[in-house]
Each structure stands twice: as structure tokens, then as C-alpha cells.
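For reference, the chains in residue letters:
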Amino acid sequence: MTTLMSSTDATATLQALLDTAATTRKTCIVPAGGYRLSSTGLGYSSNSVVLMIGDIYNDHGPAVGTLYCLTNRTSGRLSNVTIQGAGGSFVGSTSASAGATRKGLGIVATDGFVVVNVQTSGPLTGFGMEIKNSTGGHINGLKLLSGVNKPGADGLHFFGACSRITGSTIRVSSGDDALSFTCENSESTNATLERVTLSGLTLDSMGFSCIKFYTGTGTGKATIRNIRLSNIVGKITQGPTGCPLMMQNDGVAQGCTIDNVVIENADLDFGAATQDGPTAYITDCSNVTLRNITLRGRRNGQFLRAIRCNGLTVTGDVWDTIGGNTMDDLVQLESCSNYSINLVVRSASGAQIGTIVTSNSGTDTKTRYIGLTGS
């Protein structure tokens, strides 16, 4: 479903439904139809159960309050929230004011949540779904099909102090990063984002990253750690920019860490991006394992570029699907320590060209440009 948006503002009517259902401990059913939110977003309560049959349109911008269709709008923490899709969608309205940031579902400051079969639809100029400062959750069967090709239009975004979250069978088609884990400003000061396990992921980005980890300079001593991602297919679908896998610890000077990340059984494709650069880019991270990973496409860069990383293990294969590059700089390691790289190099047709095999059990202060090391 996406039903056409009604011209009237349904904010007050839907909020009354949510509040009454929470008070009586009943399920709030968003009935069939296309409901316009023109004044602000909706707020759930503790112990809420929301069933999305109809569509909720985000037609408000930052000048009028929260940017989400639905989220925690209190100043405190909530608990035991269930959002279930039943054909309806969180939708970005095309009639919103120019420059408005429109987001879908926000799980914010919530402990104990379940989000099942939820769908978003574009054009959302903000996150399709954000999990922010929340713990103890499960997500399954998501279809985050939203976003326009601009910064900020992420698909599934984890932010700040999140922990103990599992998920599976998630499909994302986003404008910006398809799946992101970030601690990047004063809202995530000294936060720890940890113990997230996701599997069965389809992650397409129009022009940025399929998977992104990021810490910023304004976060204090934030930490992203113990993340497990598996069974992934992702692609950059439009460009002009793109880096299918990016792990960027810009907050390293104030003590931020990205540590103990495992990504396995992943097929990531540079796709239509026209930007020069690596397919996977990792900076100032520790104990990163890319197991059975496939990296496709290379444009005047490397398949893998790692800078000041410690404990990097990479196995799998790389497909040189963008022709015209030399084969002497397939992997670039700059001041990396304790690394082990073992990759099969293939042509665009899948034929094996050679291998990349290199390792170092100590500290390396040099930049290593690694091409084919075997047939």
C-alpha cells in the first residue's frame, strides 16, 4: 500500500488513538487511508502496540518540532513498545516545505522494543528508521524503501547509546547510507553503541555507503563495538559518490574507538558510483574481521584501503568489474598492525586472475601497496 495523502491534518486524531490505546493497554490500529501529519509527528507511550494498516505521511519540517512520523516525544525513557506493519507505510510527503527534513520511524530512548514488518516509502529526506539511545530490541522483516539522493537520507540508522539489539530479513533502498552506526555529535557524547547483531540484509544506497561506521570530533570518548553483520548483499545504485563499506573513526583524537566488528558473507558492489576511491575504506579501527567478503568494482583506487588499523583480518574475493586500472595497488595498508589479508582476485566474468596474500603480526609504520601476490 501507499494510499494517497488526505488534505486534512490527522495529527490530533491519530495521537488521540495512540493515547487511548496505551491507557487501556490495547493495540492502536492505524486504519486504512493516507494520513497527513502537517503540524508535528506522533508520540508513542510505554507499553504501546501499534498496528500499521494505513499510511502516515510526514508533511512537517524542522520548524514545527520532531522530524519523525512516530517516535518517543517525551523527555524521558519509555519501555515495551511494539510497532508492527500490516501493509501501511511511513511516507515522506512531496508537499512539505522546501528543505524540510522528514524522517520515518524513530525508536528513541526506548528499552525493550519490537519492530516487525515495518515499511517506509519516499521521498524521505531524513532517516527511514532510526534507533537512538535505545536498548533491548528486535527488528525483523523491515522494508525501508525511501530516501532521496542527498546526505542524511539514511535507511536504517543506529545512533548513540544503543545495545542488545538483534534483527534479520531487512531490505533497505536509501538515498544516503543504507545501514549506519554513528556517534557523531553532542547528542552522543561519551556514548557506547554495542552488541548489535543483524543478518539477512539487502542494502542499496543511491550514492553513499551500503554500510557505514562513524565517530565524529564532537562526541567525547564514544565507542562502537561488538557489532555482528552477516548474509549481506549491497550496491551503490546511482552515484556520483560511493563507498560500499566505510568505517571511519574521526573521533580518535579524543579517544573514540570502533572495535570488534565482524562482517561475514557479504557481497558489496561499487555499482554505478563514479567517485574515485576504495570499495572498502577503514580508518583507526581495531579488531575488524571481514570474513568471506566479496568486493566488486574499483575505480582508480583500491578494493581495500586501511589506515592505522590494528587487528584487521580479511578473507574472500574481489572482482575487478571496472576496467582500466593497473593491478599493482589492489590493497593499500597505511601504518597498520597485526593484519592478515587473503583474497582471490577475479575479473568481471568471475575468472580467477590471482591472489592477494599478506600478513604482519607486529607494528608496521609504512604504507604498503599490494598487488597480485599469486596466480
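See the structure shown above.
Residues numbered from 1 in each chain as written. Predicted model: local features only at pLDDT ≥ 70, side-chain atom pairs only at ≥ 80, totals over all residues. Heavy atoms only, no water.

Caption draft 1: Region of interest: the pattern of salt bridges. Taken as a whole and assessed by the stated rule, the structure comprises 12 salt bridges. Between Lys212 and Asp177 there is a salt bridge, and its shortest N-O distance comes to 3.8 Å. Separated by 35 residues along the polypeptide, Lys212 in strand β18 (residues 211–215) and Asp177 in the loop between β15 (163–174) and β16 (179–183) bring together distant segments of the chain. When sorted by exposure, Lys212 lands in the same class as Asp177, which is buried. In this structure, Arg296 and Asp267 form a salt bridge, with 2.8 Å as the shortest nitrogen-oxygen distance. (Salt bridge = Lys/Arg side-chain N within 4 Å of Asp/Glu carboxyl O. Helix = DSSP H or I, 4+ residues; strand = E, 2+ residues; numbered from the N terminus. Buried < 20%, exposed > 50% of the residue type's maximum accessible area, 1.4 Å probe, protein only.)

Caption draft 2: Structural detail: the nonpolar core. By size, the foremost hydrophobic cluster in this structure holds 89 residues, and its most contacted members are Ile139, Phe158, Phe181 and Phe213. For Phe181, the contacting residues outside a window of four places in its chain are Phe158, Leu193, Val196, Leu198, Lys212, Phe213, Tyr214, Ile224, Ile227 and Leu229. (Core = buried A, V, L, I, M, F, W, Y, C linked by side-chain atoms within 4.5 Å. Contact = heavy atoms within 4.5 Å.)

Caption draft 3: Representation of the pairing of strand β13 (residues 135–145). Pairing analysis gives 5 bridges linking strand β10 (residues 110–116) to β13, with the strands arranged parallel. Residue pairing for β13: Asp111 is matched across the bridge by Thr135. As paired elements, strand β11 (residues 119–121) and β13 share 3 bridges and run parallel to each other. When the bridges of β13 are listed, Gln119 appears paired with Lys143. Relative to β15, β13 is paired through 9 bridges, and the arrangement is parallel. Note on β15: the bridge partner recorded for Ile139 is Gly167. (Pairing = 2+ DSSP bridges.)

Caption draft 4: Geometry of the environment of Thr11. By secondary structure assignment, the location of Thr11 is in helix α1 (residues 11–23). Separated by 26 residues in the primary sequence, Thr11 and Leu37 have C-alpha atoms spaced 5.1 Å apart. Filtering out sequence-adjacent residues up to four positions away, Thr11 remains in contact with Arg36, Leu37, Ser38, Ser39, Thr40, Gly41 and Leu42.

Caption draft 5: Representation of the pairing of strand β24 (residues 304–307) within the structure. Pairing geometry for strand β22 (residues 280–283) and β24, over 4 bridges, is parallel. Bridging across to β24, Ala280 finds its partner in Leu304. Two elements, β24 and strand β26 (residues 331–334), share 4 bridges in a ladder whose sense is parallel. Bridging across to β26, Ile307 finds its partner in Glu334.

Caption draft 6: Main features of the packing of aromatic side chains. As enumerated under the stated definition, the model contains 2 aromatic pairs in all. Plain terms: the ring middles of Phe158 and Phe181 are 5.0 Å apart, the flat faces sit at 10 degrees to each other, and that makes the pair stacked. With Phe158 in strand β14 (residues 156–159) and Phe181 in strand β16, this pair connects stretches of sequence that are 23 residues apart. For the pair formed by Phe158 and Phe181, the shared burial category is buried. Ring centres 4.8 Å apart and planes at 15 degrees place the aromatic pair Phe181 and Phe213 in the stacked group. Pair noted here: Phe181 is in strand β16 and Phe213 is in strand β18, with a separation of 32 residues, a long-range link. We classify Phe181 as buried; its relative accessible area is 0%. (Phe/Tyr/Trp six-rings, centres within 6.5 Å; stacked < 30°, edge-to-face > 60°.)

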